[in-house]
Amino acid sequence: MNPANSESPRFFDSLGIASGSRVLDVGCGNGDLSRFVARLAGPSGEIIAIDSNQSALKAACAISKDPDAAPIDYRAVDLSRDLPELGRFDVIVGRRILMYLPDTSATLSRLVGLAKPGAVLAFQEHARRNVPFDHPALTLHRQLYDWTWDTVAAEGGDVTLGKNLDEKMRAHGLSIIQAYSEVVLIEPDQPSFLPTLMRVMLPRLVKRGVSTEGEVQVDTLAQRLEKEHQAFGGAIVWDQAFFVAGRVVG
Ligand SMILES: C[S@@+](CC[C@H](N)C(=O)[O-])C[C@H]1O[C@@H](n2cnc3c(N)ncnc32)[C@H](O)[C@@H]1O
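Values in this document were obtained by computation on a predicted structure and should not be read as measured data.

### Re the packing of aromatic side chains
Thought 1: Tallying each qualifying case throughout the model produces seven aromatic pairs.
Thought 2: Both rings, one in Phe11 and one in Phe12, keep their centres 4.9 Å apart while their planes meet at 65 degrees; by these two values the pair is edge-to-face.
Thought 3: Pairing Tyr145 with Trp238 gives two aromatic rings, centres 5.4 Å apart and planes at 90 degrees, and the pair type is edge-to-face. Taken together, the residues span a long stretch of sequence, with Tyr145 in helix 5 (residues 139-154) and Trp238 in strand 7 (residues 236-248) at a distance of 93 residues.
Thought 4: A residue is classified by how much of its surface remains accessible, and Tyr145, at 1% relative accessible area, is buried.
Thought 5: Connected via pairs of aromatic rings, a cluster forms that spans Phe11, Phe12, Tyr180 and Phe243.

### Quick notes on the nonpolar core
Thought 1: One finds Leu15, Leu24, Leu111 and Leu121 to be the most contacted residues of the largest nonpolar core, which totals 72 residues.
Thought 2: Sort the elements by how many residues they give to this core and strand 7 lands first, with seven residues.
Thought 3: Excluding residues that lie within four positions of it along the chain, Leu24 makes contacts with Ile48, Ile50, Leu86, Phe89, Val91, Ile92, Val93, Leu111 and Leu114.
Thought 4: The next biggest cluster of nonpolar side chains, apart from the first, holds five residues, and it includes Cys28, Ala49, Ala60 and Tyr74.

### Some details on unusual backbone geometry
Thought 1: With a phi close to 45 degrees, Arg96 is a non-glycine residue in the positive phi region.
Thought 2: Of note in the backbone geometry, Gln217 takes a positive phi value of approximately 45 degrees without being a glycine.
Thought 3: Tracing the sequence through the fold places Gln217 in the loop between helix 8 (213-216) and helix 9 (221-232).
Thought 4: When its relative accessible area of 41% is taken as the criterion, Gln217 is described as partly exposed.

### Notes on the pairing of strand 3 (residues 72-76)
Thought 1: Taken together, the five bridges between strand 2 (residues 46-51) and strand 3 define a ladder with parallel strand orientation. Each bridged residue has a counterpart across the sheet, and for Ile48 the counterpart in strand 3 is Asp73.
Thought 2: This β-α-β element, strand 2 to helix 3 (residues 54-62) to strand 3, shows right-handed connectivity.

### Thoughts on the environment of Val249
Thought 1: Here Val249 shows up in the segment after strand 7.
Thought 2: Overall, the relative accessible area of 62% leaves Val249 in the exposed class.
Thought 3: Expressed as a C-alpha distance, the spacing of Val249 and Ala171, which sit 78 residues apart in the sequence, is 12 Å.
Thought 4: If near-sequence neighbours (up to four positions away) are discounted, Val249 is found in contact with Gly173 and Ser175.

Thresholds applied
Residues numbered from 1 in each chain as written. Predicted model: local features only at pLDDT ≥ 70, side-chain atom pairs only at ≥ 80, totals over all residues. Heavy atoms only, no water. Phe/Tyr/Trp six-rings, centres within 6.5 Å; stacked < 30°, edge-to-face > 60°. Helix = DSSP H or I, 4+ residues; strand = E, 2+ residues; numbered from the N terminus. Buried < 20%, exposed > 50% of the residue type's maximum accessible area, 1.4 Å probe, protein only. Core = buried A, V, L, I, M, F, W, Y, C linked by side-chain atoms within 4.5 Å. Contact = heavy atoms within 4.5 Å. Pairing = 2+ DSSP bridges. Right-handed = clockwise from strand over helix to strand, strands pointing away.

Bear in mind that shape data such as this cannot, by itself, settle questions of function.
Below you can see the structure in the form of structure tokens.
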């Protein structure tokens, strides 16, 4: 599992999503967060989960329904364009989605337009920082980190979004109710999630000319990462996550 997701439940749970809430999950991917908020909203709630990736949506739909949770309606929607009619929401959530979009402000403005008065918008986003790899022994980890963020930048994403998100949300009239940050650790006693991440990202790295299959050598990545981690010794600070929630005033 991506260790960046381990702190998500605490944040999204703290929003006070009430039973019966109508919730929008933007950039839902395989629906992990959608299913979490569906349990909070309960059977009388309703979740609309949107993503532009058809295969992620197919995987999400294949997961069996939970009778104790709100029904989830997965829909193919491109968040960088005008949104279809989705109704109004009590809560809008997203995890690692706004940072991939070319114009966060435009998307935030569309999302605020879908929020009921008093609704909460809450996002977990990340930002590229130089902090994690101040240790010279972590050359492979550093390389993967750089390739990943170089790809997001080449795709037109906003690699600084996490640290500016509260400001951007305020600029859209939201009253900030929570804003904090946490580092994401790769623990020494757990298998690294990086080989899986790099396998998924490899076509994007190659497409953007950031790296090649030969340079990544994905099949030997797990062993090389483990060797580097063992030599390093402790928990590796991999990334920085930002958790920001704001309320629609009025
Ligand atoms: C890092 S994944 C996060 C998935 C999910 N939110 C989670 O945390 O498990 C980013 C997701 O954003 C989606 N995405 C990227 N650009 C998008 C766009 N323009 N419109 C809709 N979804 C988009 C991708 O398809 C992918 O599923």
